[in-house]
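Residues per chain are reported as follows:
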Amino acid sequence: MTRGRIRARLRLSHLYTFACTRPEATEEGPHSIEGPGYSRIVHCNQPLMHKKKPFKYRSNYISTTKYNFFTFLPKALYEQFHRVANLYFLAAAIVSVTPLSPFSAVSMIAPLVFVVGLSMAKEALEDWRRFMQDIKVNSRKVKFHKEEGVFDYKSWKKLQVGDVVKVEKDQFFPADLLLLSSSYEDGICYVETMNLDGETNLKVKRALEVTLPLDEDASFKNFTGKIKCEDPNPSLYTFIGNFEYDHEIYALDPSQILLRDSKLRNTAFVYGVVIFTGHDSKVMQNATKSPSKRSRIERKMDYIIYVLFSLLLVISLVSSIGFAVKTKFDMPDWWYLQPQNTDDYYDPRKPVLSGVTHLITALMLYGYLIPISLYVSIEVVKVLQATFINQDIQMYDEETGNPAQARTSNLNEELGQVDTILSDKTGTLTCNQMDFLKCSIAGTAYGMSSSEVELAAAQQMASDLEDQDVERSTDFRQKGKQQEIELETVVISEDEMVHKSPIKGFSFEDSRVMEGNWLNEPNADVIMLFFRILAICHTAVPELNEETGSYTYESESPDEAAFLVAAREFGFEFCKRTQSSVFVRERYSASGQTIEREFKLLNMLEFTSKRKRMTVIVRDEDGQILVLCKGADSIIFDRLSKNGRLYEEDTTRHLNEYGEAGLRTLALAYKRLGESEYSAWNNEFQEAKTTIGPDRDLMLENIAEMMERDLILVGATAVEDKLQKGVPQCIDKLAQAGLKIWVLTGDKVETAINIGYACSLLRQGMKQICITEISSDAKEVVKENILLQMTNASQMIKLEREPHAAFALIIDGKTLAYALEDDVKQQFLVLAVQCASVICCRVSPKQKALVTRLVKEGTGKTTLAIGDGANDVGMIKEADIGVGISGVEGMQAVMASDFSIAQFRFLERLLVVHGHWCYKRIAQMVCYFFYKNIAFGLTLFYFEAFAGFSGQSIYDDWYMLLFNVLLTSLPVISLGVFEQDVSSEVCLQFPAVYQQGPKNLFFDWYKILGWMGNGLYSSLIIFFLNIIIFYDQAFREEGQTASMPALGTTMFTCIIWALNCQIAFTMSHFTWIQHLFIWGSIATWYLFLFVYGRLSPSISGNAYQILVEALAPAPIYWLATLLVTIACNLPYLAHISYQRCFHPLDHHIIQEIKYYKKDVEDQRMWTRERSRARERTMIGFSARVDAKIRQLKGKLQSKQPSSEIHSPARSS
Amino acid sequence: MDTNGATTSSAAGGGSTSKSSSKKHSRKPVISTFTIIGIIFIPLGLVSLSASEKVVEIVDRYDESCVPSDYSNDKLKFIQNPSINKSCVRTLTVPKLMKSPVFIYYQLDNYYQNHRRYVKSRSDKQLRSVSDEKSTKDCSPEDKTVDGPIVPCGLVAWSLFNDTYVFSVNSKTIEVNKHDIAWKSDKEHKFGSNVYPKNFQSGGLIGGAKLNSSVPLSKQEDLMVWMRTAALPTFRKLYGKIEQDLQANEKIQVVIQNNYNTYSFSGKKKLVLSTTSWIGGKNDFLGIAYIIVGGLCLFLAVCFILLYVIKPRPLGDPSYLSWNRSPAGHPN
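Residues numbered from 1 in each chain as written. Chains lettered and ligands numbered in written order. Predicted model: local features only at pLDDT ≥ 70, side-chain atom pairs only at ≥ 80, totals over all residues. Heavy atoms only, no water.

## With respect to the overall build of chain A
Reasoning step 1: Secondary structure summary: chain A contains 40 helices and 33 strands in total.
Reasoning step 2: For chain A, the proportion of its 1212 residues judged to be buried stands at 60%.
Reasoning step 3: At a minimum sequence separation of 6, the contacts of chain A that also span at least 24 residues come to 74%.
Reasoning step 4: Here chain A has roughly 47800 Å² of accessible surface; of this, 57% comes from carbon and sulfur atoms. (Helix = DSSP H or I, 4+ residues; strand = E, 2+ residues; numbered from the N terminus. Buried < 20%, exposed > 50% of the residue type's maximum accessible area, 1.4 Å probe, protein only. Contact = heavy atoms within 4.5 Å. Areas by Shrake-Rupley, 256 points an atom, 1.4 Å probe, with all protein chains shown as cover.)

## Focus: the overall build of chain B
Reasoning step 1: Of regular secondary structure, chain B possesses nine helices and 11 strands.
Reasoning step 2: Scored against the burial criterion, the 332 residues of chain B give a buried share of 53%.
Reasoning step 3: A separation of at least 24 residues holds for 81% of the contacts in chain B among residues at least 6 apart in sequence.

## Here's the deal with the nonpolar core
Reasoning step 1: Core analysis: the largest hydrophobic core is formed by 139 residues, its most contacted members being Tyr955(A), Tyr959(A) and Phe34(B).
Reasoning step 2: Beyond its immediate stretch of four places on either side in the chain, Tyr955(A) contacts Phe936(A), Thr939(A), Leu940(A), Met960(A), Gly1048(A), Met1051(A), Phe1052(A) and Ile1055(A).
Reasoning step 3: In terms of nonpolar packing, the next biggest core, distinct from the first, is built from 76 residues, Cys439(A), Val526(A), Leu655(A) and Ala704(A) among them. (Core = buried A, V, L, I, M, F, W, Y, C linked by side-chain atoms within 4.5 Å.)

## Topic: the side chain of Asp1032(A)
Reasoning step 1: Here Asp1032(A) is to be found in the loop between helix 31 (1005–1029) and helix 32 (1044–1066).
Reasoning step 2: Judged by relative accessible area, Asp1032(A) falls into the buried class, the value being 12%.
Reasoning step 3: Once residues within four sequence positions are removed from consideration, Asp1032(A) is found in contact with Thr1041(A), Gln107(B) and Arg236(B).

## Focus: the domain arrangement of chain B
Reasoning step 1: As assigned here, chain B comprises domain 1 (27–55 + 281–309) and domain 2 (59–275).
Reasoning step 2: If you average the C-alpha positions of domain 1 of chain B and of domain 2 of chain B, the two centres end up 41 Å apart. (Domains from an automatic or database assignment.)

## A word on the side chain of Arg613(A)
All names here are of chain A.
Reasoning step 1: Position of Arg613 among the secondary structure elements: in strand 23 (residues 613–619).
Reasoning step 2: When its relative accessible area of 4% is taken as the criterion, Arg613 is described as buried.
Reasoning step 3: At 3.4 Å, the side chain of Arg613 forms a polar contact with the side chain of Glu705.
Reasoning step 4: A distance of 2.7 Å separates a polar atom in the side chain of Arg613 from a polar atom in the side chain of Glu708. (Polar contact = N/O pair within 3.5 Å; in protein donor to acceptor, adjacent residues only side chain to side chain.)

## Considering the sheet that holds strand 14 (residues 405–406) of chain A
Residues and elements named next belong to chain A.
Reasoning step 1: Strand order in this open sheet of nine strands is 14-33-32-31-15-27-30-29-28, and the pairing throughout is mixed. In this open sheet, the two strands that pair with only one neighbour each are strand 14 and strand 28 (767–771).
Reasoning step 2: Both strand 27 (residues 740–744) and strand 30 (residues 837–841) contribute to a ladder of three bridges, which runs parallel. Across the sheet, the residue bridging to Leu744 is Cys840, located in strand 30.
Reasoning step 3: Sheet strands in contact with helix 24 (residues 845–859) are strand 15 (418–423), strand 27 and strand 31 (862–867), and its direction is about 160° off that of strand 27. (Pairing = 2+ DSSP bridges. Axes fitted to C-alpha atoms, helices over the stretch in contact; angles between N-to-C directions.)

## Examining the environment of Gly516(A)
Reasoning step 1: Position of Gly516(A) relative to the elements: it lies in the loop between helix 12 (477–489) and helix 13 (524–536).
Reasoning step 2: Remark: the alpha-carbon pair of Gly516(A) and Arg842(A), spanning 326 residues in sequence, is separated by 41 Å.

## Here we look at the interface of chain A and chain B
Reasoning step 1: Taken together, the contact pairs 90 residues of chain A with 91 residues of chain B.
Reasoning step 2: Here chain A packs against chain B, burying approximately 7900 Å² in sum over the two surfaces, 62% of which is carbon and sulfur.
Reasoning step 3: On inspection of chain A and its partner chain B, the count reaches one salt bridge.
Reasoning step 4: Across the salt bridge formed by Arg236(B) and Asp1032(A), the nearest N and O atoms sit 3.8 Å from each other.
Reasoning step 5: For the pair chain A and chain B, the number of links is 25 residue pairs in polar contact (both at pLDDT 80 or more).
Reasoning step 6: Top element by residues in the side of chain A that touches chain B is helix 36 (residues 1115–1142) of chain A. It accounts for 15 residues. (Buried area = accessible area lost by both parts, 1.4 Å probe. Salt bridge = Lys/Arg side-chain N within 4 Å of Asp/Glu carboxyl O.)

## A closer look at the state of the cysteines
When the sulfur atoms of two cysteines share a covalent bond, that bond is a disulfide.
Residues and elements named next belong to chain B.
Reasoning step 1: For the structure shown, the criterion picks out two disulfides over all chains.
Reasoning step 2: Each disulfide pairs two cysteine sulfurs, and for Cys66 the partner residue is Cys88, the sulfurs being separated by 1.9 Å. Because the torsion about its S-S bond is -60°, the bridge between Cys66 and Cys88 counts as left-handed. Placement of Cys66 in the loop between strand 1 (57–61) and helix 3 (75–80) and of Cys88 in strand 2 (residues 87–93) is noted, with a sequence separation of 22 residues between them.
Reasoning step 3: Here Cys66 falls in the buried class, since its relative accessible area comes to 4%.
Reasoning step 4: Note that Cys139 is cross-linked by a disulfide to Cys153, the S-S spacing being 1.9 Å. With a gap of 14 residues between them, Cys139 in the loop between helix 5 (124–128) and strand 4 (144–145) and Cys153 in the loop between strand 5 (148–149) and helix 6 (154–158) connect regions that are remote in the sequence.
Reasoning step 5: Given a relative accessible area of 0%, Cys139 falls into the buried group.
Reasoning step 6: A relative accessible area of 2% places Cys153 in the buried class.
Reasoning step 7: Across chain B, the disulfide pattern expressed with sequentially numbered bonded cysteines is 1-2, 3-4. (Disulfide = S-S within 2.5 Å.)

## Quick word on the UniProt feature "transmembrane region" (unreviewed entry) in chain B
Residues and elements named next belong to chain B.
Reasoning step 1: The residues that UniProt annotates with the feature "transmembrane region" (unreviewed entry) are residues 30–51 and 285–310.
Reasoning step 2: For residues 30–51, helix accounts for 100% and strand for 0%, while the C-alpha atoms at its two ends are 32 Å apart.
Reasoning step 3: As a span, residues 285–310 carries 100% helix and 0% strand, and end to end its C-alpha atoms are 36 Å apart. (UniProt positions renumbered as here; feature names shortened; annotations may be inferred.)

## Some details on the sheet that holds strand 9 (residues 235–242) of chain B
Reasoning step 1: Taken in spatial order, the five strands line up as 1-11-3-9-8 (chain B) in an open sheet, and their pairing is antiparallel. Edge strands, defined here as strands with exactly one partner in the open sheet, are strand 1 and strand 8 (176–177) of chain B.

## A few points about the pairing of strand 2 of chain B
All names here are of chain B.
Reasoning step 1: Burial along strand 2 is one-sided: the face carrying Cys88, Arg90 and Leu92 is buried and the face carrying Ser87, Val89, Thr91 and Thr93 is not.
Reasoning step 2: Examined bridge by bridge, strand 2 and strand 10 (residues 251–257) share seven bridges and lie antiparallel to one another. The residue of strand 10 that forms the bridge with Thr93 is Lys251.

## Re helix 3 (residues 72–80) of chain A
Residues and elements named next belong to chain A.
Reasoning step 1: Residues of helix 3 that are buried: Phe72, Ala76 and Gln80. Seen end-on, helix 3 carries its buried residues on one side only, within an arc spanning 55°.
Reasoning step 2: Buried residues along helix 3 sit against helix 4 (84–95) and helix 5 (105–138). (Arc of directions from axis to C-beta.)

## As for the UniProt feature "transmembrane region" (unreviewed entry) in chain A
Reasoning step 1: The positions UniProt marks with the feature "transmembrane region" (unreviewed entry) are residues 303–325, 356–376, 929–952, 958–978, 1008–1031, 1043–1064, 1076–1095 and 1115–1134 of chain A.
Reasoning step 2: As annotated, residues 1008–1031 of chain A comprises 92% helix and 0% strand, and the C-alpha atoms at either end are separated by 34 Å.

## Points about a nonpolar patch on the surface
All names here are of chain A.
Reasoning step 1: A surface patch of nonpolar side chains, about 500 Å² in accessible area, is lined by Leu1087, Phe1090, Val1091, Leu1095, Ile1099 and Val1108.
Reasoning step 2: The leading source of residues in the nonpolar patch is helix 33 (residues 1072–1094), at three residues.
Reasoning step 3: Of the residues examined, Leu1087 reaches a relative accessible area of 54% and is grouped as exposed. (Patch = residues over 30% accessible without salt bridge, like charges linked within 9 Å, V, L, I, M, F, W, Y side chains within 5 Å.)

## Structural notes on the packing of helix 4 of chain A against helix 5 of chain A
Between two packed helices, the angle of one axis relative to the other and the distance separating the axes together describe the packing.
Residue and element names in this part refer to chain A.
Reasoning step 1: Packing of helix 4 against helix 5 brings their axes to within 9 Å, and their N-to-C directions diverge by 145°. The hand of the helix 4/helix 5 crossing is left-handed. The residues of helix 5 that touch helix 4, namely those facing Asn86, Phe89, Leu90, Ala92 and Ala93, are Met108, Ile109, Leu112, Val115 and Val116.
Reasoning step 2: Its residues placed into classes, the contact of helix 4 with helix 5 shows nine nonpolar, one polar and no charged. (Left-handed = near helix turned anticlockwise from the far one by under 90°. Nonpolar A, V, L, I, M, F, W, Y, C, P; charged D, E, K, R; others polar.)

## Describing the UniProt feature "domain: P-type ATPase C-terminal" (unreviewed entry) in chain A
Reasoning step 1: The UniProt record marks residues 894–1144 of chain A with the feature "domain: P-type ATPase C-terminal" (unreviewed entry), using the residue numbering of this structure.
Reasoning step 2: Between the first and last C-alpha atoms of residues 894–1144 of chain A the distance is 41 Å; the span itself is 72% helix and 1% strand.

## Focus on the pattern of salt bridges
Residues and elements named next belong to chain A.
Reasoning step 1: The full count for this structure, using the stated rule, is 58 salt bridges over all chains.
Reasoning step 2: Salt-bridge contacts for Asp217 lead to Lys166; the nearest nitrogen and oxygen are separated by 3.6 Å. Pair noted here: Asp217 is in the loop between strand 7 (202–206) and strand 8 (225–229) and Lys166 is in strand 4 (residues 164–168), with a separation of 51 residues, a long-range link.
Reasoning step 3: Arg653 serves as the salt-bridge partner of Asp650, at 3.4 Å between the closest nitrogen and oxygen. Of this pair, Asp650 and Arg653 both sit in helix 16 (residues 648–660), three residues apart, which is roughly one turn of that helix.
Reasoning step 4: Members of the salt-bridge network, linked through shared partners, are Arg296, Arg299, Glu414 and Asp880.

## As for the environment of Glu1109(A)
Reasoning step 1: For Glu1109(A), the position within the fold is in helix 35 (residues 1106–1111).
Reasoning step 2: Along the backbone, Glu1109(A) and Leu713(A) are 396 residues apart, and their C-alpha atoms lie at a distance of 102 Å.
Reasoning step 3: Among all residues touching Glu1109(A), those that are not within four sequence positions of it are Arg1036(A), Trp183(B), Lys184(B) and Ser185(B).
Reasoning step 4: Side-chain polar atoms of Glu1109(A) contact the backbone nitrogen of Lys184(B), separated by 2.9 Å.
Reasoning step 5: Within the structure, Glu1109(A) has its side chain in polar contact with the side chain of Ser185(B) (distance 2.5 Å).

Have a look at this one:
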């Protein structure tokens, strides 16, 4: 608290020149607030007024659950019976209690209850977790004004509109508040809006001048006021309202509003009045409803179910028409049925009625075509797959202890079909930690450490060249050439892995400037100046860490903090800031002692994204006036004086290198100023400052411009925006897997571009298409201009001839707002899809969601959104798959996500390994399911043709019940859980294999219909072979002929064998579990038959002793089984053999390579294939390396015109 | 494409690697699989076929010819008139030596023993024990008479086949053994030894055969055979056994009591005499099917060998990986 008090004396607002100057309330006057949309009235400090209408607003209780106690049952049931198949089975279950049913009621109802119950239990569990999270949030405590100036705690949910609350440092705001005053005298406070827009930059909010005196608990005793403002709306960056206080009306703007879910930082406390509570608050208004997501395969499955339904309906109709015809014309002759004594069902006199009732029977009888156990099996499989994901040790983050987590299991297979990844930046790609890495001072580059991008690129390039080297080793002429390339390109990669500097924000290593050695460098004075600029030109505030005695810095942007840390390490420790001065402790001065120097702060020209530069004007201890400036290189270079360009050439080169290495760069410059020159300028500046009117900002800008010219270049800095571990590698791999990556960030354009470079989404030589809006009042004009820009860009892409050309699209939030309008968005999408990378900057959470929706709906491909903050929630919910980063920030993103991982890099494994596997597993599993149910279900139908369409089943009820539950379910579940075409290492080594998912090679209609055809074939073979074999002859030496149970059991045996062998052929990965399940299922069938036959005939009925007595001793039973099993699988075997031999897919080849251990034997081939197994990428550092190699080759070719044509390596 | 080069490279690919791994797989597993199936299936088929060939079978359709010519236009009237003598004499010639036992079957055609109404119309409970005599719930309309429940109830029992055959060779009657034609489990467990027919065929409608009410159900083997309902509308059921050899070219006289009505639904009736082998009765199809499937496998094996020779693909050749194939050049 004391620390806060010390700083509270600072009136920071005085330091700012124009960007932050307070717009005087009197300047603009209150807003005219009336009409619809502006009806909210808040009585400050009088929450009781809001107890009754019309001021009764929503409470501060929030709920993000899908169901509540009462709505769960109806709603969840509704969800469940949304599935057509479930609805069908419900109807079947209802009918099954009537005599129409061909089976017993239990055998229809039990599976349904099981299936639906299991799914509902899962839903309930998931919702319960959300509920617990809500409770946690709702019961957070906040200090509120109770009465008579006394503050007390109450939980968030009890907070009411009009309450005065006191929020302390590092607390979240419980609702949308009007800032009244803060611990700072001038009523400013710092707010972190990480959860709203993902920016970690602190934002300054400021109270109205009139409420500043209300800075103590006691002062609220008699405080009243009235706020009239807009109604709840989702716009985070606007607020319109008036504040009536002391009979005066003041205008309110967004800078007085503290939004729920943002955090108070660097400020001891603030007082505020609650304006919007609970679901009225802006952040909650921004929340998009979480849709229940279903995977592509599952949606397609519905269509297949429809197909099967149609099939079911057709064969049922055929059956019932057949039945009606038979009943009408033939049955009167069938005296043994006593047709004259029948009930309605079999009455030959009412064929229509019997036909219609038979339809119901038939629909149930052939219900085996619709795999009821499909859903429950898939559910089980997915839960097991999800546990694999959760248990994957390689996606476990040791630092945070967070494993990967599949929060909903219905999207596992969708992970294998992702086409576009939409990623947040801060916290997802980057740690939001800046590291000072390199600098260029006076034309000399300092800093030995390499950026992550450089390291990765160097490694990649080294291995690539090595490979080429080996490949061409026969050609000795190449040798010299090779070395040349290596010399030129391979960056030192031996000693960079030594030890990283433990100082946060500082990874600089260069003995030439460390430890005061810079004093011995040739340009020591310039170096000193450089360090001074770092230490002085900023807006940060130092904080003394009392334990270590060193300073840490609170700054608005993490870059500045990195600069200050760097300056400190170089011996220029910024230690104190007062109203008018900056104090720097210089360790290495000429005298060799630590000196504390004071720099008088004369003016500060702030950094804005438009200006892209910042300048301070200081007077040093000698009275010398210095203008110190830092800014974007292009901006600074434009403002250099003639004699200030001494180092320009070298610095530019260094800047390019830094940019290439993915670093954020700033150029530093200075100039000395004469006293008179300064005072002339200052007069003008002060005058402009006090001007009232719309031109004020422009004037100030022009005057600042006058000062920031004729500068002298000192050098440049390179800061690494610390990427999360493994991000460039991951992006590279994902790009190789053919995924498109879009970055949607709330950050500034420059920052985003820098990160784009850092993680190789952008590279030198890529053509950047920046779509920006022109400043114009007319919306139409702006829009037209944007359209024009897009058309031009599309044209440019179309006309591009160079095959390796890559484009990057960069667009900011405001422009995006236009681009997302209905009539423009299609064009925007077309353009964006053509670009290798897309970066959207300054986008609001809502826009993120909109972009996601646009991609999802516009391209029709699977999108994955990944983010970590509350600002990503919308996009996470909107995308086909939402992935939350469970790490530092709050849990909102994770709560909304479908999968959560601890770091971005785990995305690679999640998609390329688990996604690929799950996709194939589910696809094969579903196909097999349809196959098996068709193969089985149709035999029932064929039999009807031989049984007068009477609805008699040839199988025992128990066989049918067990068919789906026990005899064929476990193998297919093991297929769904354990199948892997290639091992996880191979998946990672051959990212191109992933494309099988997005290309949907395993679940297209061709495949599905193929499997269905296979089912049809199998059913025909099974039925007719058996029928013919057992037609009328004795089947045993003892002369007995086959009765219906005997034939049914034989047929069923054949089915069990054929289906289980089929799945064994389908699998490519066997462990003992698969063997156990497949052969166990067959064994179970015999075991069941044996045990069932041993039971008393009152239970087993016709199946009594059937195996032991009748079938097993008959050789023909076994012969038929063998024949049918082989005959059923023959076409499939022939097909896969043919495919494998002559049109092998990638995984087939890899399996073979692995099988013959070729990878061990011929490692060169293996590594070569690994490096080739990728989609053609435009992004990622592989692409960057490729580009570099192309560039070098081009150079070499021009040097050595005799060099032969590049031959593709080893075309057989 | 160079054939030699490819074959050697495939041999190198398989042969030189771990020899212990599996010799079988070192060549083309596909070809070997098909060959093995073919090699197993064709002999099996031949064996089955020869077994089937050994079976001697005499089939005689008698429904038409056993109707006197006066009734040939109204067979129904003939069969439904109890006062007409239904006996009919047929002569069968034994084509080949028929070794004992010779099985006697009756074969019905177009008879839906598998009709749902028919199949359900029985009470296994009642057949099993006398205490469940009254459980005739599924037996309607043959469930009870005014005197109480029918035993055995239901349409199946009611429609019991009632033609009889008496065989003689050279005027010497051949003994027909009607024991052990039913399954042992039926005799011992499913048809009670203390359950006697009751009120059977005493209703207004007479279906088929009558049962001797003094013989317990467990001894009524004809009923047991009949009540194992057939799967298909054409079926044979065991009638009895002749336990003596029938010499080739012997003439067998059969006196048929042609009682059973198949005329109303124009179903055929056949008398079958047949020997059996280990595959049961005459069943050429099984053997042929085996030979066809086996032949098909061999054919496929040959096809694959040919294709393999014409267009070889060494296993695990990375040049077949999708990224190594030129986008346009689909392998053909």
